[in-house]
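For reference, the chains in residue letters:
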Amino acid sequence: MPVNARIFRNKPIRRKLLIMIMIATASALALAGAGIVVFDSLLFRSYLRRDLTALARIIADNSTGALTFGDLKAATETLTTLRARPHVASACVFGKDGILFAHYSRHNATVCPAPGAGEDIRFTTSDVVVTQPILLSGGTVGTLVLVYDLDEIGERTQLFGGIVAAVLLASSLLALLLASKVRGVIEKPISTLVRAASSVSDTGDYSIRAQKISNDELGLLADRFNEMLAGIQSRDEDLKAERERFRFMAESMPQKIFTAKPDGTVDYFNRQWTDVIGSSFEESGGWSWTQFVHPDDVEETVRLWQHSVATGELLNLEHRFRRTDGKYRWHLTSAHSMHDLNGHITMWIGSNTDIHEQKEKEDALRRANEDLQQFAYSASHDLQEPIRNVAVYSEIVARHYGARLDDDGRQFLGFLHEGGRRLATLVDDLLAYTRAGAAEPTDSPVDSLEALRNSITSLSEAIRESGAEVTWDELPDVFIGTSHLQQVFQNLIGNALKYRHDKAPRIHIAAEPQGKFCRFSVQDNGIGIDPQYKEKIFGVFKRLHHDRTYGGTGIGLAICQRVVERYGGRIWVESQPGKGSTFYFTVPRRTGTGAGAPLGSAAG
Amino acid sequence: MAKGRNNSSWRNAGALALLCLFPMARAAEAPGEYDVKATYLLNFAKFVEWPANAFATADSPIAICILGKDPFGRAIDELVQGESANGRKLVVRRMPEFPSPQTCQIVFSEDGGAELARMGAAGRAILTVGEGAAFVRNGGMIGFVVENHRVRFDISQSAARAASLHLSSRLLAVAREVAR
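Calculation criteria
Here, residues in each chain are numbered from 1, in the same order as that chain's written sequence. Starting at A for chains and at 1 for ligands, labels are handed out in the order in which the entities are written. Local features in this predicted model are restricted to residues whose pLDDT is 70 or higher, and side-chain atom pairs enter the listing and the counts only when it is 80 or higher, whereas totals over whole chains, interfaces and linings include all residues. Hydrogens and water molecules were not included; the side-chain quantities draw on all heavy atoms of the structure. Patch members must show over 30% relative accessible area and no salt bridge, and they are joined within 9 Å when carrying like charges or within 5 Å when they are nonpolar side chains of Val, Leu, Ile, Met, Phe, Trp or Tyr. Reported accessibility uses the Shrake-Rupley method at a 1.4 Å probe radius. Residues are deemed covered only where the shown protein chains occlude them. Throughout this description, the term salt bridge denotes a Lys or Arg side-chain nitrogen within 4 Å of a carboxyl oxygen of Asp or Glu. Every helix listed is a DSSP run of H or I at least four residues long, and every strand listed is a run of E at least two residues long, numbered separately from the N terminus. Note on terminology: pairs of cysteine sulfur atoms within 2.5 Å are recorded as disulfides. Relative accessibility under 20% of the residue-type maximum defines a buried residue, over 50% an exposed one, and the middle range a partly exposed one, all with a 1.4 Å probe and only protein chains included. Any two residues having at least one pair of non-hydrogen atoms within 4.5 Å are treated as being in contact. In this description, buried area is defined as the sum, over both parts, of the accessible area (probe of 1.4 Å) that is lost when the two are combined. Side-chain atoms alone can form a polar contact between residues adjacent in sequence; in general such a contact is a pair of N or O atoms within 3.5 Å, and within protein one must be able to donate a hydrogen while the other accepts it. Here the term charged refers only to Asp, Glu, Lys and Arg, the term nonpolar to Ala, Val, Leu, Ile, Met, Phe, Trp, Tyr, Cys and Pro, and the term polar to all other amino acids, Gly among them. A pair of strands is labelled paired if DSSP reports no fewer than 2 bridges between them. Inter-axis angles, ranging from 0 to 180 degrees, are taken between N-to-C directions of lines fitted to C-alpha atoms, where helices are fitted over the stretch in contact. Pairing of aromatic rings covers Phe, Tyr and Trp, the last through its six-membered ring, and needs centres within 6.5 Å; plane angles under 30 degrees mean stacked, over 60 mean edge-to-face, and all others mean tilted. Distance and angle both matter: a charge sits over a ring if NZ of Lys or CZ of Arg is within 6 Å of the ring centre and within 35 degrees of the ring normal.

A. Looking closely at a nonpolar patch on the surface. A surface patch of nonpolar side chains, about 260 Å² in accessible area, is lined by Leu159(A), Ile163(A) and Val167(A). Here Val167(A) lies in helix H4 (residues 151-203).

What follows is the structure, encoded as structure tokens:
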């Protein structure tokens with residue numbers, strides 16, 4: 001059955017309709033035929049029952065005389081009248097005592113069954129046996145037995161079968177005729193729809209519309225199909241416009257633009273790429289673009305790109321591409337992944353910016369800076385010796401020959417000694433500044449409290465002199481060179497001590513986590529800084545006070561900035577002139593370490 | 001040929017049936033002529049309708065009267081035991097002379113045929129049964145005839161009609177000859 005059902009399912013609708021009509025017609029006819037035959041056979045039997053009973057009674061009645069008077073001839077004649085009924089197979093008259101008296105048979109071989117008692121009609125499969133007592137004056141004088149064959153039923157069934165077959169044939173022809181009409185009603189709209197759908201599918205032309213033939217469900221289907229097509233058409237046009245927009249955007253960009261599939265194979269290069277890939281996309285799509293990457297950069301480029309493709313992370317790298325003229329040029333390549341609602345990467349879009357000139361300038365600048373730094377370091381270092389001589393010898397002169405000099409001479413010598421000392425400090429600071437750019441190992445955490453204590457120890461004399469009070473909260477471990485952190489604290493606290501009012505300075509150091517960094521603050525109640533100088537103060541040799549009220553070389557904050565930026569942090573100040581300043585700086589912290597409540601303090 | 005043989009065999013069977021039909025024919029002895037005639041006489045009653053005035057009362061029996069010589073003997077008395085026709089009992093009476101009205105419904109005479117034949121013609125509702133074809137010709141209603149060793153009878157329907165008797169067509173059908 002399933003096989004048949006599948007075969008039927010795959011037939012065209014026209015064939016299905018035909019088959020269904022035929023099945024319906026045939027089954028209706030077969031049912032009707034069977035009903036007629038069954039009903040007729042029942043009807044015929046009841047008719048036969050009445051008819052044969054009557055016939056038997058007549059024959060029995062007519063046989064009374066012959067039987068009573070033993071007239072075999074007359075009895076036989078009476079029975080022979082049954083010849084008019086061709087289906088009477090045989091008829092017998094039995095005497096009172098059950099002995100056969102007279103007999104008629106259509107075929108000589110047929111024999112009547114022995115009579116039963118009383119009136120009886122019995123149907124067998126092939127015949128009917130009627131037993132009719134022969135009555136005379138209220139008494140039974142014998143029995144008539146009649147055998148009637150049922151060939152008639154077969155004949156009638158045959159007849160009806162023939163009629164049903166003929167009607168079936170006629171109705172099948174009618175069904176065929178009807179099916180072709182139905183084909184027009186059902187199959188035509190469907191095949192029109194199918195044709196429309198096929199041509200849309202084949203040509204991709206969404207302006208095609210299906211013809212509506214009827215106003216029924218199929219017509220509705222055609223309407224809905226057309227609405228759908230209209231929807232697709234407008235969306236298709238939108239898509240085309242959008243694609244054009246993107247292409248126009250991508251093509252008109254000064255940068256090289258590319259897109260890639262989620263697996264990292266490149267499927268689009270904009271026009272700017274032609275100076276690298278030359279002619280066609282086909283030669284450089286997929287992964288073949290790697291042939292244009294500088295051999296030294298290929299490995300790193302592929303590694304990073306594969307990492308991004310695997311993780312969806314932003315790609316950002318600098319590498320060299322070979323132009324069609326054979327020259328390599330530095331590019332900044334970055335690529336972003338686009339995600340769908342489920343977070344899966346749907347595509348990559350990337351740009352390659354030519355940064356060759358910039359890169360070259362940067363290199364030159366860096367080299368110049370390095371030279372300058374080297375020069376500054378060497379100069380400072382080499383200057384230390386003669387400066388120390390000036391200080392040492394001016395002190396020797398003061399000690400041994402001071403008495404011989406007059407007042408002016410001693411004063412001038414004092415100027416010389418002071419100048420030498422300041423020069424030495426300046427050179428020390430310069431050296432510190434150049435060293436601030438040098439690397440210090442930071443792979444283990446540093447206790448910032450210890451660095452703060454060291455700074456305070458170094459500044460203990462100045463603290464005592466100024467009567468300052470230095471307090472701090474709990475301070476965390478951070479990732480920065482110990483001496484660098486100490487340098488920053490020392491400079492900031494030193495400044496707080498230096499730029500003060502007449503009253504004793506109060507300095508507070510605190511720290512709080514900010515993402516991967518820790519933000520330290522050094523707060524004072526000093527003279528403060530005018531907002532316009534907030535940036536300037538971090539420059540080398542930038543001093544706001546050139547008078548001698550506040551001594552210093554103007555390098556301290558520059559050193560702080562250099563150190564903090566060296567570790568990826570930043571430094572800034574917030575201040576209200578006359579009321580005090582708070583310097584903030586950020587350095588990398590060990591994650592999981594939190595700053596607690598204010599605890600320690602050191603008073604001067 | 002085959003058909004002829006079959007017919008004769010059926011005739012034998014018929015004869016046998018007939019033999020068995022009559023209780024008289026019990027035992028090995030063949031039924032005598034008058035045994036058959038006695039039976040017929042009884043059976044005639046069943047095929048004849050008498051007018052109501054033929055009987056003295058509504059439940060009067062049908063009397064079979066043997067006029068004069070009695071050829072049946074006791075056999076007919078035995079036969080008539082328990083027999084009835086049309087709701088009336090059958091009785092046998094022997095009469096020395098012709099009976100008064102309503103006494104007999106069937107009268108049989110072996111020897112006084114001519115006289116009986118005339119009486120029947122007198123219009124009384126009595127079925128007259130006699131011997132020979134001449135009995136019928138002379139005005140009798142039913143006359144026994146022996147033909148090919150078989151007992152048969154001729155009927156005069158006109159005589160019966162004249163006596164207001166109605167003879168069943170079934171009786172007429174088995175008669176040797178019927179005078180209309």
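On we go from here.
B. Here's a closer look at the state of the cysteines. Across all of its chains, the model carries two disulfides over all chains by this definition. One disulfide bridge connects Cys92(A) with Cys112(A), the sulfur atoms lying 1.9 Å from each other. Between Cys92(A) and Cys112(A), the disulfide has an S-S torsion of 80 degrees and is therefore right-handed. Remark: Cys112(A) occurs in the loop between strand E2 (100-105) and strand E3 (120-123) and Cys92(A) occurs in strand E1 (residues 88-95); sequence separation between them is 20 residues. For the residue pair Cys92(A) and Cys112(A), the accessibility class agrees, reading buried in each case. Here Cys65(B) is linked by a disulfide to Cys104(B), with a sulfur-sulfur distance of 1.6 Å. Taking the sign of the S-S torsion, about -90 degrees here, the bridge from Cys65(B) to Cys104(B) comes out left-handed. Residue Cys65(B) is found in strand E2 (residues 62-67), and its partner Cys104(B) is found in the loop between strand E4 (88-95) and strand E5 (106-109); the two are separated by 39 residues along the sequence. Under the relative-accessibility criterion, Cys104(B) is labelled buried at 1%.

C. Local environment of the interface of chain A and chain B. Contacts between chain A and chain B engage 21 residues on the former and 24 residues on the latter. Overall, the association of chain A and chain B removes approximately 1,800 Å² of surface from exposure, summing both partners, and the carbon and sulfur fraction of that is 65%. Its largest share of buried area at the contact with chain B, chain A owes to Phe69(A), Leu136(A) and Ser137(A), together 33% of the area lost on that side. Connecting chain A to chain B are two salt bridges. Ionic pairing is found between Asp71(A) and Arg152(B), a salt bridge with its closest N-O pair at 3.5 Å. The interface formed by chain A and chain B contains five residue pairs in polar contact (both at pLDDT 80 or more). Counting residues per element, the ones that place at least two in the side of chain A that touches chain B are helix H2 (13-68), helix H3 (72-80) and E2 of chain A. The element contributing the most residues to the side of chain A that touches chain B is H2(A), with seven residues. Split into classes, the residues belonging to the side of chain A that touches chain B amount to nine nonpolar, eight polar and four charged.

D. Layout of the sheet that holds strand E10 (residues 177-179) of chain B. Residue and element names in this part refer to chain B. If you walk across this open sheet you meet the eight strands as E3-E4-E2-E5-E6-E7-E8-E10, and the pairing is mixed. A single partner strand is all that each edge strand has here, and the edge strands are strand E3 (84-85) and E10. Note: strand E8 (residues 150-156) against E10, three bridges, orientation parallel. When the bridges of E10 are listed, Ser 156 appears paired with Ala 179. Relative to the sheet, helix H2 (residues 33-44) contacts E2, E4, E5, strand E6 (127-131), strand E7 (142-147) and E8, its axis offset from that of E7 by approximately 145 degrees.

E. Just the packing of aromatic side chains, in detail. A full pass over the atoms with the stated rule returns 24 aromatic pairs over all chains. Aromatic pair Phe258(A) and Trp305(A): ring centres 6.3 Å apart, planes at 90 degrees, arrangement edge-to-face. Taken together, the residues Phe258(A) in strand E6 (residues 256-260) and Trp305(A) in helix H7 (residues 295-311) connect sequence positions 47 residues apart. Judged on exposure class, the residue Phe258(A) and its partner Trp305(A) are both buried. Cluster of aromatic residues (ring-pair linked, three or more members): Phe69(A), Tyr34(B), Tyr40(B), Phe44(B), Phe47(B), Phe72(B), Phe108(B), Phe144(B) and Phe153(B). The ring of Tyr567(A) is capped by Arg566(A), whose NZ or CZ atom sits 5.5 Å from the centre of that ring. Residue placement shows Lys37(B) over the ring face of Tyr34(B); its charged tip is 4.5 Å from the ring centre.

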